[in-house]
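Structure assessment
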Amino acid sequence: MKDILQKIIKKVLPILYFLRRYKAFVFLISLLVIYGFLIFKINSLNNSEPSDSDVTTKLQTVTRPHIDQTAIDKIQLLQGNSVPVKSLFNSARNNPFSE
């Protein structure tokens, strides 16, 4: 067991000396590799589009809003009866950005 450990240490020591000597350079190269990989991954994810099956499954889970016809009739009835509200709706239609 000690022989195997001694052989491993003899093989690892030159690598450690090399890394200690060039640690700043190795650190910068590793950072550049990591940043390059991240840029590549972001670019590939940015250009990918969902498949048609994914889109259809998401569309099936979305509930579309539904307005009750009685509520629409009531709003129209109230709009037709009240003169100030009617003028408010007309002015909002003509100039929607005024206050």
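Since the structure is predicted, the reported quantities are computational estimates derived from the model, not experimental observations.

**Re the overall build of the protein**
- What the protein contains, in helices and strands, is 5 helices and 0 strands.
- N-terminal to C-terminal, the α/β element order of the protein is α-α-α-α-α.
- Counting all 99 residues of the protein, 1% fall into the buried class.
- As displayed, the protein has an accessible area near 10000 Å², and 66% of this comes from carbon and sulfur atoms.

**Some words on the packing of aromatic side chains**
- Tallying each qualifying case throughout the model produces 1 aromatic pair.
- Here the aromatic rings of Phe18 and Tyr22 are separated by 5.0 Å at their centres, their planes lie at 55°, and the arrangement is tilted.

**Here's the deal with the confidence of the model for the protein**
- Considering every residue of the protein, the mean pLDDT works out to 84; 87% of them sit at 70 or more.
- Looking across the protein, the model is least confident in helix α5 (residues 83-94), with a mean pLDDT of 69, and most confident in helix α2 (residues 23-47), with 93.

**Examining α2**
- For α2, with 25 residues, the first-to-last C-alpha span of 36 Å sits near the 36 Å given by 1.5 Å per residue.
- Here α2 lies mainly on the outside; 0 of its 25 residues are buried.

**Observations concerning helix α1 (residues 2-21)**
- Across its 20 residues, α1 extends 28 Å between first and last C-alpha, which sits within 8% of the 28 Å expected from 1.5 Å per residue.
- Remark: the principal bend of α1, roughly 25°, maps to Val12, with a proline, Pro14, within the next four residues.
- Little of α1 sits out of view: just 0 of its 20 residues are buried.

Cut-offs and rules
- Residues numbered from 1 in each chain as written.
- Predicted model: local features only at pLDDT ≥ 70, side-chain atom pairs only at ≥ 80, totals over all residues.
- Heavy atoms only, no water.
- Helix = DSSP H or I, 4+ residues; strand = E, 2+ residues; numbered from the N terminus.
- Buried < 20%, exposed > 50% of the residue type's maximum accessible area, 1.4 Å probe, protein only.
- Areas by Shrake-Rupley, 256 points an atom, 1.4 Å probe, with all protein chains shown as cover.
- Phe/Tyr/Trp six-rings, centres within 6.5 Å; stacked < 30°, edge-to-face > 60°.
- pLDDT = per-residue confidence, 0-100.
- Expected span 1.5 Å × (residues − 1).
- Bend = angle between axes of the 7 residues up to and from the residue.

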